Amino acid sequence: MLSPWEWHVDVDQYIVPYLFSPPRAFSRDRLLQLLGAQARPRRPIGNVACIFWAFVGTVSSLSVISVVGRHVSTFQAAGTPLTIGSFGAAAVLEFYTIESPLSQPRNAILGQLISSVIGVAVNKGFARLPGSSYNDLRWLAGALSCAGSTMATALTGTVHPPGGATALLAVTDPKVAEIGWALVPMVLLNCGVMLAVALLVNNIQREFPTYWWTPADVGSFWARKRPGHGGEEADLAVGTCGEKGPGQGGSDFNNSSGATVVGSTSYYDVSCSLMLTRDGISVPPHLDLLPEEKDWLESLCRRL
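Thresholds, definitions, all that
- Here the residue index of a chain counts from 1 through its sequence in written order.
- Local features are withheld for residues below a pLDDT of 70 in this predicted model, meaning they are given only at 70 or higher, and side-chain atom pairs are given and counted only at 80 or more; totals for whole chains, interfaces and linings count all residues.
- Side-chain measures were taken over the full set of non-hydrogen atoms in the model, leaving aside hydrogen atoms and water.
- Only DSSP runs of H or I with at least four residues qualify as helices, and only runs of E with at least two residues qualify as strands; both kinds are numbered from the N terminus onward.
- Burial classes: relative accessible area under 20% of the type maximum marks a residue as buried, over 50% as exposed, and values in between as partly exposed (1.4 Å probe, protein chains only).
- Here a residue-residue contact requires only that any non-hydrogen atoms of the pair lie within 4.5 Å.
- Here, Shrake-Rupley sampling with a 1.4 Å probe gives the accessible areas, and only protein chains in the shown set may cover a residue.
- Centre distance within 6.5 Å is the pairing criterion for rings of Phe, Tyr and Trp, where only the six-membered ring of Trp is used; planes under 30 degrees apart are then read as stacked, over 60 as edge-to-face, and the remainder as tilted.
- Only when the NZ atom of a Lys or the CZ atom of an Arg is both within 6 Å of the ring centre and within 35 degrees of the ring normal do we say a charge sits over the ring.
- UniProt positions are given in the numbering used here, feature names are shortened, and annotations may be inferred rather than shown by experiment.
- Any Lys or Arg side-chain nitrogen located within 4 Å of an Asp or Glu carboxyl oxygen qualifies as a salt bridge.
- The predictor's confidence in any single residue is recorded as pLDDT, a number from 0 to 100.
- Residues forming no salt bridge and having over 30% relative accessible area are the ones grouped into patches, like charges within 9 Å of each other and nonpolar side chains (Val, Leu, Ile, Met, Phe, Trp, Tyr) within 5 Å.

Going by the annotation in an unreviewed UniProt entry, the name recorded for the protein is HPP transmembrane region domain-containing protein, with Cytospora mali given as the source organism.

1. Quick word on the overall build of the protein
Looking only at helices and strands, one finds 14 helices and four strands in the protein. A total of 304 residues make up the protein; the buried ones form 35% of that total. Sequence separation of at least 24 residues holds for 68% of the intrachain contacts in the protein that already meet a minimum separation of 6. Carbon and sulfur atoms make up 62% of the accessible area of the protein, which totals about 17,600 Å².

2. Some remarks on the packing of aromatic side chains
Taken as a whole and assessed by the stated rule, the structure comprises one aromatic pair. For the ring pair Phe 52 and Trp 53, a centre distance of 5.0 Å and an interplane angle of 70 degrees mean the geometry is edge-to-face. Residue classification places Trp 53 among the buried residues on the basis of a relative accessible area of 15%. When the ring centre of Trp 213 is taken as origin, the NZ or CZ atom of Arg 106, which lies over that ring, is 4.2 Å away.

3. Here's the deal with the UniProt feature "transmembrane region" (unreviewed entry) in the protein
According to UniProt, the positions carrying the feature "transmembrane region" (unreviewed entry) are residues 45-68, 75-96, 108-127, 139-159 and 179-201. Between the C-alpha atoms that bound residues 108-127 the distance is 28 Å, and the span itself is 100% helix and 0% strand. Taken end to end, residues 179-201 is 83% helix and 0% strand, and its two terminal C-alpha atoms sit 32 Å from one another.

4. Overview of the environment of Ile 118
As for its placement among the helices and strands, Ile 118 is situated in helix 6 (residues 105-127). Taking C-alpha positions, Ile 118 is 9.9 Å from Gly 164, a pair spaced 46 residues apart along the chain. Filtering out sequence-adjacent residues up to four positions away, Ile 118 remains in contact with Ser 145, Gly 148, Ser 149 and Ala 152.

5. Notes on the pattern of salt bridges
All told, the structure shown has one salt bridge when counted by the stated rule. Salt-bridge contacts for Arg 106 lead to Asp 12; the nearest nitrogen and oxygen are separated by 2.9 Å. Taken together, the positions of Arg 106 in helix 6 and Asp 12 in helix 1 (residues 12-15) put the pair 94 residues apart, joining distant regions of the chain. Taken individually, Arg 106 and Asp 12 each receive the classification buried, so the pair is uniform in this respect.

6. Remarks on the confidence of the model for the protein
Taken over all residues, the pLDDT of the protein has a mean of 80, while the share at 70 or more is 76%. Contacts for the low-pLDDT stretch residues 230-268, under 50 throughout, to residues beyond four places or in other chains number 54 contacts.

7. Thoughts on a nonpolar patch on the surface
A grouping of Leu 274, Leu 276, Leu 287 and Leu 304 is seen on the molecular surface, where their side chains present a nonpolar patch of about 310 Å² in accessible area. For Leu 304, the position within the fold is in the segment after helix 14 (291-302).

Structure, rendered in structure tokens:
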């Protein structure tokens, strides 16, 4: 039996199989494909270009956040600040270190959301203390808020360092603490605006996001439900997810077409397999093929 120090919590194993394929509307290659143009590999850029686009993105996002905040009457009535300091740190992540897992949309949005909720909840709880106890213990409330935010985001796989600052400011900064639950929608709005700017600026010479939810393949549950991706034929070809299928583990087997398939020690799922048969191509839902790639694969199918 594992000791508590050996426990490992991974919520993705329960969520990822049921997620649909993430949108790829902001992929430059995908956009060129839709326009009928041929996608070309991106030219590598130096750190000077990265610094320039980080400057442009930071100025643009924080400016847009401030302008949008001025026109939200609900925030104005509640005395909500246009932005809080933690979004300065978020801008560094989302416009310079764009390949970092901490900068991806899942972490950038959910990390801030969870942290703001925890920060406000802790602040509200300590505010119920009698007399001057609240002000005397504000330091403890801030520490608990930041620690609780770290714990919650770590367990949910949404760690975003600026979120810890958001949770801390929700307690220790009197102006932020006064707005109460209005902080949560304000944080969501700021996250949405910053992500929208990042999707535009970061895709001019770079590529963002690296992934939306996880770098692993998603939607294996739904992929098995699709015609041609389940049943005995699929199990024969690729085995069952997480188990050794026929031909795996080093032995060979004959598939339904009579061809001999050499065994492999790898474990893989039908949702992340590209299959070629005489009848055509079976492509995973998350994979978009360029026209020339599809033509080449079809030429291989005709040779089977």
